[in-house]
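Structural overview for review
Listed here are the chains, written in short residue letters.
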Amino acid sequence: MPRTHGDTRAEIQGVALDLFGRQGYEKTSLREIAERLDITKAALYYHFRSKEDLLRALVEPLRRDMEGFLEGVDGLARDAPEEVLGVYFDICVRHGTLLTALLNDLASLSRIGLVEDVMGWRRRLDAALVGEDAGMPARMGAVIALGGLQDLAVYLDPEEAARCRDRAVAIAAAALMEGTGPRTDGMD
């Protein structure tokens, strides 16, 4: 059965995401993607003008998910931090392969603004969870909670992440609460 326009575009994105996640953006060529799909480079260029254009298309669902999530997070974060951490974990798991590619090629992904976006999302979540003017202990708790969840989403395969979700969120919430709890020696 011949491919449809939509199918080929989605197949290109799937193969590119797999290769970018496993070997990095810079080390993956458009020729390699085309060969994997048994299509010509010209067919690939029909769907994506450049490798960077392909990368932008892969990043767009993550941007949409995070921006949609962050729109409603401010009012919810202080009252239901575990819910916020859970949704954040789910988004990170859903986009785990892309986040792995991010770790493999920070410079390349910085050129399209993704590194800055990820850092901005983390800052917004941090402020929503502990407040804009939070001190270092609270800030450390937020960094550990958010960073730990994001790292687990990259480290675990999606099925294992689903099995560990509740425990991961509980541990992240404990780190968050530890930072906002009573001060102990050495927390300055």
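Residues numbered from 1 in each chain as written. Predicted model: local features only at pLDDT ≥ 70, side-chain atom pairs only at ≥ 80, totals over all residues. Heavy atoms only, no water.

Within the secondary structure, Ala-162 is located in helix α11 (residues 158–180). Sequence spacing of Ala-162 and Val-93 is 69 residues, and the spatial spacing of their C-alpha atoms is 8.5 Å. (Helix = DSSP H or I, 4+ residues; strand = E, 2+ residues; numbered from the N terminus.)

Okay, the confidence of the model for the chain next. Overall, the prediction assigns the chain a mean pLDDT of 88, with 93% of residues at 70 or greater. When the elements of the chain are averaged for pLDDT, helix α5 (residues 73–77) gives the smallest value, 79, and helix α2 (residues 30–37) the largest, 96. (pLDDT = per-residue confidence, 0-100.)

Here we take up a nonpolar patch on the surface. Side chains of Met-136, Met-140 and Ile-144 sit close together on the surface and give an oily, nonpolar patch of about 300 Å² of accessible area. Here Met-140 shows up in helix α10 (residues 136–155). (Patch = residues over 30% accessible without salt bridge, like charges linked within 9 Å, V, L, I, M, F, W, Y side chains within 5 Å. Areas by Shrake-Rupley, 256 points an atom, 1.4 Å probe, with all protein chains shown as cover. Salt bridge = Lys/Arg side-chain N within 4 Å of Asp/Glu carboxyl O.)

Of note in this structure, Asp-38 is not a glycine but carries a positive phi near 60°. With respect to the element layout, Asp-38 can be found in the loop between α2 and α3 (41–47).

In this section: the pattern of salt bridges. Pairing between side chains of opposite charge can happen when their charged atoms approach one another. A complete count under the given rule lists 11 salt bridges for this structure. Where Asp-18 meets Arg-22, a salt bridge forms, and the shortest distance between an N and an O atom there is 3.2 Å. Separated by four residues within a single helix, Asp-18 and Arg-22 lie in helix α1 (residues 5–23), roughly one turn from each other. For Arg-22, a relative accessible area of 54% puts it in the exposed group. (Buried < 20%, exposed > 50% of the residue type's maximum accessible area, 1.4 Å probe, protein only.)

This part covers helix α6 (residues 81–94). With 14 residues, α6 should reach 20 Å at 1.5 Å per residue; the first-to-last C-alpha distance of 20 Å fits that figure. Every buried residue of α6 is accounted for by Pro-81, Val-84, Leu-85, Gly-86, Tyr-88, Phe-89, Ile-91, Cys-92 and Val-93. On the buried face of α6, the contacting elements are α4 (51–71), α5, α7 (96–104), α9 (114–130), α10 and α11. (Expected span 1.5 Å × (residues − 1). Contact = heavy atoms within 4.5 Å.)

Direction vectors running N to C along α9 and α10 enclose 130°, while the axes themselves pass 10 Å from each other. As far as their axial angle goes, α10 and α9 are oblique. The way α9 lies across α10 gives a crossing that is right-handed. Mapping the contact onto sequence places Val-118, Arg-122, Leu-125, Asp-126, Ala-127, Leu-129 and Val-130 in α9 and Ala-138, Arg-139, Ala-142, Val-143, Leu-146, Gly-147 and Gln-150 in α10. For the contact of α9 with α10, the residue count by class is nine nonpolar, two polar and three charged. (Axes fitted to C-alpha atoms, helices over the stretch in contact; angles between N-to-C directions. Parallel < 35°, antiparallel > 145°, perpendicular 65-115°, else oblique. Left-handed = near helix turned anticlockwise from the far one by under 90°. Nonpolar A, V, L, I, M, F, W, Y, C, P; charged D, E, K, R; others polar.)

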